[in-house]
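What follows is each chain in one-letter form.
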Amino acid sequence: MRGKVKLQSVLALLPVYITTLVFVAGPLAYMVALSFLSRSETWGVENTLTLRNYINILEPVYLGTIRQSLKLAFFCTALIALIGYPFGYFMARLPERQRRTVSFFLIIPMWTSSLMRLYGWIIIFRAGGVLDGIFMKAGVIQDSLKLLYTYPAVVTGMVYVLLPFMIYSVYSNAEKMDWNLVEAARDLGASRIQAFLTITFKLTMPGLLSGVVLTFIPSMGLFFVADILGGNKVVLVGSVIQEQLMKAHNWPFAAAFSVVLMVLTSLLIYLYRRITKVKDLEGLV
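The rules behind these values
- Residues numbered from 1 in each chain as written.
- Predicted model: local features only at pLDDT ≥ 70, side-chain atom pairs only at ≥ 80, totals over all residues.
- Heavy atoms only, no water.
- Salt bridge = Lys/Arg side-chain N within 4 Å of Asp/Glu carboxyl O.
- Helix = DSSP H or I, 4+ residues; strand = E, 2+ residues; numbered from the N terminus.
- Buried < 20%, exposed > 50% of the residue type's maximum accessible area, 1.4 Å probe, protein only.
- Axes fitted to C-alpha atoms, helices over the stretch in contact; angles between N-to-C directions.
- Left-handed = near helix turned anticlockwise from the far one by under 90°.
- Contact = heavy atoms within 4.5 Å.
- Phe/Tyr/Trp six-rings, centres within 6.5 Å; stacked < 30°, edge-to-face > 60°.

We now examine the pattern of salt bridges. This model, assessed by the stated rule, comprises 2 salt bridges. Between Arg-99 and Glu-175 there is a salt bridge, with its nearest N and O atoms 3.8 Å apart. Within this pair, whereas Arg-99 is found in helix 4 (residues 96-107), its partner Glu-175 is found in helix 7 (residues 151-175), the two being separated by 76 residues in sequence. Judged by its relative accessible area of 39%, Glu-175 is partly exposed.

Interhelical geometry of helix 5 (residues 114-125) versus helix 7 gives an angle of 140 degrees and a closest axis separation of 11 Å. Crossing of helix 5 over helix 7 shows right-handed handedness. Residues Arg-117, Leu-118, Trp-121 and Phe-125 of helix 5 lie in contact with helix 7, whose contacting residues are Ala-153, Thr-156, Gly-157, Tyr-160 and Val-161.

What follows deals with unusual backbone geometry. A positive phi angle, close to 65 degrees, is found at Tyr-149, a residue other than glycine. Mapped onto the elements of the fold, Tyr-149 is located in the loop between helix 6 (130-138) and helix 7. For His-249, which is not a glycine, the phi torsion comes out positive at approximately 55 degrees. Tracing the chain through its elements places His-249 in the loop between helix 11 (237-246) and helix 12 (251-276).

With the rule as written, the count across this model stands at 15 aromatic pairs. Ring geometry for Tyr-85 against Phe-201: centres 5.9 Å apart, planes inclined by 65 degrees, an arrangement best described as edge-to-face. One end of the pair, Tyr-85, is in helix 3 (residues 60-93); the other, Phe-201, is in helix 9 (residues 192-221), and 116 residues separate them in sequence. We classify Tyr-85 as buried; its relative accessible area is 9%. Residue Phe-201 is classed as partly exposed on the basis of its relative accessible area of 26%. A ring pair is formed by Phe-253 and Phe-257, whose centres lie 5.5 Å apart and whose planes are at 80 degrees; its orientation type is edge-to-face. Of the two residues, Phe-253 and Phe-257 both sit in helix 12, 4 residues apart, roughly one turn of that helix. Here the two residues Phe-253 and Phe-257 agree in accessibility, since each one is buried. Counting every residue linked through ring pairs, the aromatic cluster contains Tyr-85, Tyr-89, Phe-90, Trp-179, Phe-196 and Phe-201.

This is the structure in structure tokens:
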């Protein structure tokens, strides 16, 4: 009987194992193996093992790209946290009906393509666009701001695309918090600020750190945001990978860059779990 139950359990989980192997483990293993191969002189790759792809990443031009990507990622993540944390926190404090309404309006933009929404920002930022028109009519400026294809435009696009991940991470965590602990702290004489710092902030820290993980890494690789709103002035790690794949056809080097980005992602998730003692990322599960 036990053997029959065990066999049924294995058969029930078999589709999950097959899907994971084919669509997750298989492509990752192929990418890692590809990163150690050599680029062919004509097309494709050669079955010659080498570390040259990883050594090339240490060249000044690529190290500069990594530094610029990290700088943008830190800045965008800080802005997203400053906006998303209070938004998610107060959203969790709303009555249930109002929470559903706010959540509905947050989800609506996701029903359309990110590319289409970013083209909307082009209309806002371009010379003579919506923003210029508002400021000129108000008498704030006389000439065009020329915000399109600038660093602030890229930061705005990154924050716009990634902000919901932070909001829902914090909201998911704050919604499950026991608010009686805050009331107990207040009854014991703690001020609102003291109760927030000692109780609320500590209990919502997993959601905040989860949001950091979910926004920091994508902000290094969302090359289409940098391409659309920044032109060629802002080059990210994702831009390098896309260029090496589609234009230079240097697949091993693109795979090596992808492996480095994957290792960085894994390191952040490991640190998140070590700090919060939580196994899952808030906002996704």
